[in-house]
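The chain contents come next:
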Amino acid sequence: MKTLVILISGRGSNMQALLEAKLPVDRIVVISSNPNAEGLITATELGIQTASIDHRAFSDRETFDAALADEIDSYQPVLIVLAGFMRILTDDFVLRYQGRLMNIHPSLLPAFTGLRTHQRALQEGVKIHGCTVHFVTPKLDHGPIVIQAAVPIFPNDTDKTLAERVLQQEHRIYPQAVRWFLQGQLKLSARTVVVNDARVHDWVIYSPGLQE
Ligand code: GRF
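S.K.: Hey, could you go over the pattern of salt bridges for me, with residue numbers and the actual values?
M.R.: Counted under the stated rule, the structure contains five salt bridges. As a salt-bridge pair, Asp54 and Arg56 come within 3.0 Å of each other at their nearest N and O atoms. By relative accessible area, Asp54 is classed as partly exposed at 23%. The residue Arg199 makes a salt bridge to Asp202 at a minimum N-O spacing of 3.0 Å. Judged by relative accessible area, Arg199 falls into the exposed class, the value being 55%.

Below you can see the structure in the form of structure tokens.
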């Protein structure tokens, strides 16, 4: 059975975009690090199997990650995707799933790794911002990049308006990246990803036509 595992911690809008994308898998399982995550309700409403592993019940990262890995392994997934999963993972966990662990980050990596990306992009006065899907490696927000989407920053933008504009693109690129993986189109090397049988325009997306 071809299984996709989605890890969430909160709202779960990227998870929802993945669930609605009709991806070529037999089963999707959503696991949350937060038992009160809004995304768990959405997943259940969509008839998706869920589990939660409350990170607060564990004394350290290692024991939490070990419990999470046990839960994940019970489904034998082909791919694990982080979709707003707000825990930093141990190197052991990341290495265990290397090459089949993906993340979406709300910036054009390698710019603005870490948190508060929209606020920092506005503070820096950059004119183009966006989002990135990448494979996860032990160095936070630095793994090989699969696809990016860029959006303009307008003079009257706030964190909120910018986050909304970027999020629309996140919902577009994450299902695309996962579909490529599942179809065997991604060739991963240490630093880079080649997307086979696709056009450049499919993995470099710029959306300038958005309204101010
Ligand atoms: C998204 O902006 C994602 O890029 C980041 O966390 C946010 C999660 O949003 N990693 P959601 O839970 O998918 O709605």
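Having seen the structure, we can now continue with the description.
S.K.: Which residues make up the layout of surface pockets, and what are the values?
M.R.: Estimated volume of the largest pocket: approximately 960 Å³. Every residue lining the largest pocket is counted, 36 residues in all, and those nearest its centre are Gly84, Phe85, Met86, Ile104 and Pro106. Among the elements of the structure, helix H1 (13-19), helix H4 (91-96), strand E5 (101-105), helix H5 (117-124) and helix H6 (159-182) are those that each provide at least two residues to the lining of the largest pocket. Its residues placed into classes, the lining of the largest pocket shows 15 nonpolar, twelve polar and nine charged.

Analysis parameters
Residues numbered from 1 in each chain as written. Predicted model: local features only at pLDDT ≥ 70, side-chain atom pairs only at ≥ 80, totals over all residues. Heavy atoms only, no water. Salt bridge = Lys/Arg side-chain N within 4 Å of Asp/Glu carboxyl O. Buried < 20%, exposed > 50% of the residue type's maximum accessible area, 1.4 Å probe, protein only. 1 Å grid on protein atoms, 1.4 Å probe; cavity = no way out; pocket = protein on both sides within 12 Å on 5 of 7 lines; lining within 4 Å. Points joined across faces, edges and corners; volume = space filled by probe spheres on them. Helix = DSSP H or I, 4+ residues; strand = E, 2+ residues; numbered from the N terminus. Nonpolar A, V, L, I, M, F, W, Y, C, P; charged D, E, K, R; others polar.

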